[in-house]
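What follows is each chain in one-letter form.
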Number of protein chains: 2
Amino acid sequence: MRKTKTPPPAESVAAARAAEYKAAVVRENRRITSYDVAIVAGVSQSAVSRCFKPGASVSKSTYARVMNAAAGLDYIPNAAARSLITRRSNMVAVVISHVANLYYPEALAELSQQLTRRGKRVLLFTIPQETDVEPVLGDIWQYQVDGAIIAAALTDEQVQEFERRQLPLVVFNRNLHGRTVSSVLCDQYESGRLLATRLAAAGHRRFGIIAGPETSAVANERRDGACDRLRELGLPPPVVVPGQFDYASGARGLRDIIARLGDTPDAVICGNDVMALGCLDLARHELGIDVPGSMSVAGFDAIEPASWLSCNLTTLRQPMHNMALAAADLLTSMIEAHGNHTVEKRMFAPQLVVGSTARLLPPEGNSLAA
Amino acid sequence: MRKTKTPPPAESVAAARAAEYKAAVVRENRRITSYDVAIVAGVSQSAVSRCFKPGASVSKSTYARVMNAAAGLDYIPNAAARSLITRRSNMVAVVISHVANLYYPEALAELSQQLTRRGKRVLLFTIPQETDVEPVLGDIWQYQVDGAIIAAALTDEQVQEFERRQLPLVVFNRNLHGRTVSSVLCDQYESGRLLATRLAAAGHRRFGIIAGPETSAVANERRDGACDRLRELGLPPPVVVPGQFDYASGARGLRDIIARLGDTPDAVICGNDVMALGCLDLARHELGIDVPGSMSVAGFDAIEPASWLSCNLTTLRQPMHNMALAAADLLTSMIEAHGNHTVEKRMFAPQLVVGSTARLLPPEGNSLAA
DNA sequence: TTGTATGCGTTATCAT
DNA sequence: ATGATAACGCATACAA
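The written sequence of each chain sets the order in which its residues are numbered from 1. The naming scheme follows written order: chains are lettered A onward, ligands numbered 1 onward. Local features in this predicted model are restricted to residues whose pLDDT is 70 or higher, and side-chain atom pairs enter the listing and the counts only when it is 80 or higher, whereas totals over whole chains, interfaces and linings include all residues. Hydrogens and water are ignored here; the side-chain numbers use all heavy atoms of the structure.

(A) Spatial organisation of helix H14 (residues 320-337) of chain B. Residues and elements named next belong to chain B. End to end, H14 covers 25 Å across 18 residues, agreeing with the expected 26 Å (1.5 Å per residue, within 8%). For each residue, the accessible area found with a 1.4 Å probe, counting protein chains only, is set against the maximum for its type, and the residue is called buried under 20%, exposed over 50%, and partly exposed in between. A helix here means a DSSP run of H or I that spans at least four residues, while a strand means a run of E at least two residues long, and both kinds are numbered starting from the N terminus. Along H14, the residues classified as buried are Met320, Met323, Ala324, Ala326, Ala327, Ala328, Leu330, Leu331, Thr332, Met334 and Ile335. The contact definition used throughout considers only heavy atoms, calling two residues in contact when any of these lie within 4.5 Å. Tucked into the core, H14 has its buried residues touching strand S1 (91-97), helix H7 (105-117), strand S3 (147-151), strand S4 (169-172), strand S5 (183-186) and strand S11 (345-348). After H14 finishes, the residue His338 shows a positive phi value of roughly 55 degrees. Multiplying one less than the number of residues by 1.5 Å gives the expected span of a helix.

(B) A look at the protein's contact with DNA strand C. Around DNA strand C there are 29 residues in total, and A:Ser34, A:Gln45, A:Ser49, B:Ser46 and B:Thr62 lie nearest to it. Of everything in DNA strand C that lies within 4 Å of the protein, sugar and phosphate atoms constitute 59%. In the model, a base oxygen of DNA strand C is placed 3.4 Å from a nitrogen or oxygen of the A:Gln45 side chain. One of the backbone N or O atoms of B:Ser44 is found 3.1 Å from a phosphate oxygen in DNA strand C. Of all elements in the fold, only helix H3 (45-51) and helix H5 (79-86) of chain A together with helix H3 (45-51) and helix H5 (79-86) of chain B reach the threshold of two or more residues within the surface near DNA strand C. Ranked by the residues each element gives to the surface near DNA strand C, the list is headed by H5(A), at five residues. Within the surface near DNA strand C, the residues separate by chemical class into 11 nonpolar, 13 polar and five charged. By convention in these notes, a residue is near a molecule or strand provided one of its non-hydrogen atoms lies within 4 Å of it. Nitrogen and oxygen atoms within 3.5 Å of one another constitute a polar contact, given that in protein one can donate a hydrogen and the other can accept it, and given that sequence-neighbouring residues count only through two side-chain atoms. Three classes are used: nonpolar for Ala, Val, Leu, Ile, Met, Phe, Trp, Tyr, Cys and Pro, charged for Asp, Glu, Lys and Arg, and polar for all others, with Gly counted as polar.

(C) Quick look at the pairing of S3(B). Residue and element names in this part refer to chain B. S3 sits mainly inside the fold: five of its five residues count as buried. Burial along S3 is two-sided: Gly147, Ile149 and Ala151 and Ala148 and Ile150, pointing in opposite directions, are all buried. Where S1 lies against S3, five bridges are found, and the strand directions are parallel. Across the sheet, Val95 pairs through a bridge with Ile150, a residue of S3. Two strands are said to pair when DSSP picks up at least two bridges between them. As defined by bridge partners, S3 adjoins S4 across three bridges and the pair is classed as parallel. If you follow Ile149 over to S4, its bridge partner there is Val170. With the strands pointing away from the viewer, any crossover whose connection runs clockwise from the first strand over the helix to the second is right-handed. As for the winding sense of the linkage, the β-α-β connection from S3 through helix H9 (residues 156-164) to S4 is right-handed.

(D) Representation of the protein's contact with DNA strand D in the model. By nearness alone, 27 residues border DNA strand D, and A:Ser57, B:Ser34, B:Ser49, B:Tyr75 and B:Arg82 come closest of all. Restricting attention to atoms of DNA strand D within 4 Å of the protein, one finds that 64% of them are sugar or phosphate atoms. Between a phosphate oxygen of DNA strand D and a side-chain N or O atom of A:Ser59, the distance comes to 2.8 Å. Taking A:Thr62, its side chain carries an N or O atom lying 2.8 Å from a phosphate oxygen of DNA strand D. At the level of secondary structure, the elements contributing two or more residues to the surface near DNA strand D comprise H3 and H5 of chain A together with H3 and H5 of chain B. Broken down by element, the surface near DNA strand D gets its largest block of residues, four residues, from H5(B).

(E) Focus on the sheet that holds strand S5 (residues 183-186) of chain A. Taking strand neighbours across the sheet as the criterion, the 12 strands line up as S11(A)-S5(A)-S4(A)-S3(A)-S1(A)-S2(A)-S2(B)-S1(B)-S3(B)-S4(B)-S5(B)-S11(B) in an open arrangement whose pairing is mixed. Each having just a single partner strand, strand S11 (345-348) of chain A together with S11 of chain B make up the two edges of the open sheet. Taking each pair of neighbouring strands and ignoring which way they run, the sheet shows an average axis angle of 20 degrees. By the bridge criterion, seven bridges tie S1(B) to strand S2 (residues 121-127) of chain B in an arrangement that is parallel. Paired with B:Ile96 across the two strands is B:Thr126, which belongs to S2(B). Angles run from 0 to 180 degrees between N-to-C directions of axes, and those axes are lines fitted to C-alpha atoms, restricted for helices to the stretch in contact. Packing against the sheet, H14(B) makes contact with S1, S3, S4, S5 and S11 of chain B, and its axis sits at approximately 165 degrees to S4(B).

(F) Just the relation of the copies chain A and chain B, in detail. At an RMSD of 0.1 Å, chain A and chain B line up after a rotation of 180 degrees and a shift of 0.0 Å along the axis. Such a turn and shift between the copies fits a two-fold axis. Of the residues that chain A buries at the interface, 100% are likewise interface residues in chain B, meaning the two copies contact each other through the same surface. The copies are overlaid by a least-squares fit using only the C-alpha atoms of residues whose pLDDT is at least 70 in both copies.

The following block contains the structure:
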């Protein structure tokens with residue numbers, strides 16, 4: 001039994017040592033900790049900790065040795081342990097309703113991107129209805145998130161609980177009137193008014209409105225905006241029928257409106273694009289109504305299919321990208337502020353997307369006199 | 001100064017005591033801990049801990065006192081501290097590409113729902129491209145998730161790192177051929193074959209294929225399935241053009257195919273529904289092609305707009321609900337197994353959705369002879 | 001059933 | 001720049 005003639009290079013010796021050490025740790029059913037790295041690297045545990053803290057004071061040589069050992073051991077700092085002492089989890093709760101994500105996946109995608117860019121992880125909660133926030137609140141408290149972005153309906157008590165717990169909260173696209181809570185939103189009421197204004201200016205008189213679910217604040221504001229504006233303009237009250245934000249609701253809604261009116265309306269304002277497309281398709285393909293020749297259809301949201309050739313819907317766009325950006329900014333600044341929460345509402349204006357499903361100009365050579 | 005004549009009821013005394021205690025804690029800038037609850041309730045800290053552990057042995061009276069104190073103090077167990085000792089975070093990482101969520105929000109919504117139902121929180125990671133998993137892996141290790149569901153492309157090394165770290169992994173809708181990793185998927189290759197088979201049986205001979213991005217394994221398998229099957233049937237090789245899974249790609253793809261073929265193809269197979277609809281709209285509304293009279297169009301996914309009247313696309317549905325269910329089941333069982341990971345692949349068959357954009361029967365009274 | 005004591009893996013404070 | 005030591009908030013083995 002002789003010793004090996006050619007000793008392996010120092011590097012691989014270190015690697016072998018790390019591998020051996022690691023195997024032992026695994027055998028004991030422990031996890032690799034900063035303490036283990038310290039032993040392998042021949043430094044103190046606090047030195048290891050510092051190496052993983054950006055901007056800490058460590059000499060180049062220790063840093064190198066620690067990083068080598070860490071790599072050999074597959075060491076990664078434990079976020080749970082860290083957050084325990086720093087009181088920062090770098091996680092943000094995002095709450096969105098199931099249906100909202102189905103219809104506007106852009107909202108979640110943008111939020112996730114913006115938060116990630118700011119070094120926050122997203123703890124996602126999808127809820128069946130936008131009024132079902134309560135069950136997830138417990139989780140939000142437990143998981144020590146640094147803040148929350150909620151795109152759902154909150155009660156006064158719920159908002160107050162966030163305050164009580166000093167947890168930064170941004171309400172997304174939900175107008176909590178009179179409540180002192182930071183929020184980012186698109187002006188839904190004004191959206192409704194805008195559509196009514198433009199359609200009325202083009203000479204439409206008999207309006208149908210396919211509203212959204214009663215539980216949806218967004219839907220209600222759109223409807224109210226349109227109704228209020230029509231009343232202001234002295235037009236006959238629109239026929240308002242309910243809907244569930246889905247395609248079928250759009251078709252059903254149009255049938256209901258026609259039944260109640262005894263005739264085709266001049267224009268139909270739909271609570272969202274999905275319903276508008278349901279309404280549009282029924283009108284064109286089943287009822288043979290000329291859109292926009294004898295009836296106009298408009299929606300809200302500017303979802304992608306609305307822009308497709310076969311649809312080319314006239315609708316209102318919510319500037320999702322900027323809204324997500326604003327929400328992420330607002331929340332992170334609240335988190336940095338560390339308790340001095342400055343409440344702020346950021347309201348964005350909708351953008352009219354002119355499609356070919358609504359006539360927005362007065363009929364040619366036709367005075368508006370009845 | 002006399003004492004109050006009517007002493008407040010015991011309950012409110014307790015409440016007042018809790019409120020006072022809480023104020024003190026807040027003043028010291030501490031958090032409410034199980035220790036605080038113990039003091040207010042007059043029990044030990046471990047008793048408090050037990051009260052929050054379902055199925056622990058606590059007397060009814062202690063439980064009541066603890067819960068009262070906890071309520072008064074707004075106490076909630078700290079998940080980070082808990083996971084530190086239990087080695088369970090009850091969080092699951094879900095990785096999905098940005099575009100995937102835009103096109104199939106259903107996948108994420110279903111996964112989130114199923115995981116929540118099983119008591120797991122979702123730590124969401126959205127990545128720009130499905131090949132960009134690497135940057136999020138570090139976060140996954142750090143955050144001590146109990147497992148991960150990844151709907152993106154993984155390299156061998158990446159899969160091995162999951163194994164090395166003993167982290168349960170389920171790959172969603174991505175076929176990692178030959179790699180021993182649990183996965184849930186829909187048979188994309190077979191989907192491609194199926195579409196080719198049915199269209200060929202109806203007499204289509206000159207095929208165009210609008211493929212998806214080269215980086216998308218799903219897209220490639222659909223394309224390969226179709227191509228292979230057409231070759232088997234002895235049909236002329238299809239004209240294959242690339243696409244990016246978006247609406248514009250569908251239109252551009254059809255133009256390219258027609259240019260390369262010098263004529264309208266008999267059938268176009270599109271890598272997903274969004275492109276299929278882009279192709280369909282161009283054909284009908286710009287090129288005036290009769291679909292399905294003189295050309296058939298089919299896609300994959302059965303996204304919602306595909307079912308709308310104006311589209312009524314012939315496509316293949318992936319049973320998303322069952323797939324999400326399977327993924328959640330698979331992952332949770334791996335987590336329970338505690339290291340004895342049994343690798344399993346669950347492959348689902350696609351379902352043909354017969355729309356009106358593809359002729360699936362031979363033309364009437366027409367022999368197939370050229 | 002209840003309480004005592006210990007450890008989970010990290011950061012932060014304070015010397016040196 | 002580095003190391004010893006004390007938290008962070010909880011769960012669990014063990015003793016009572």
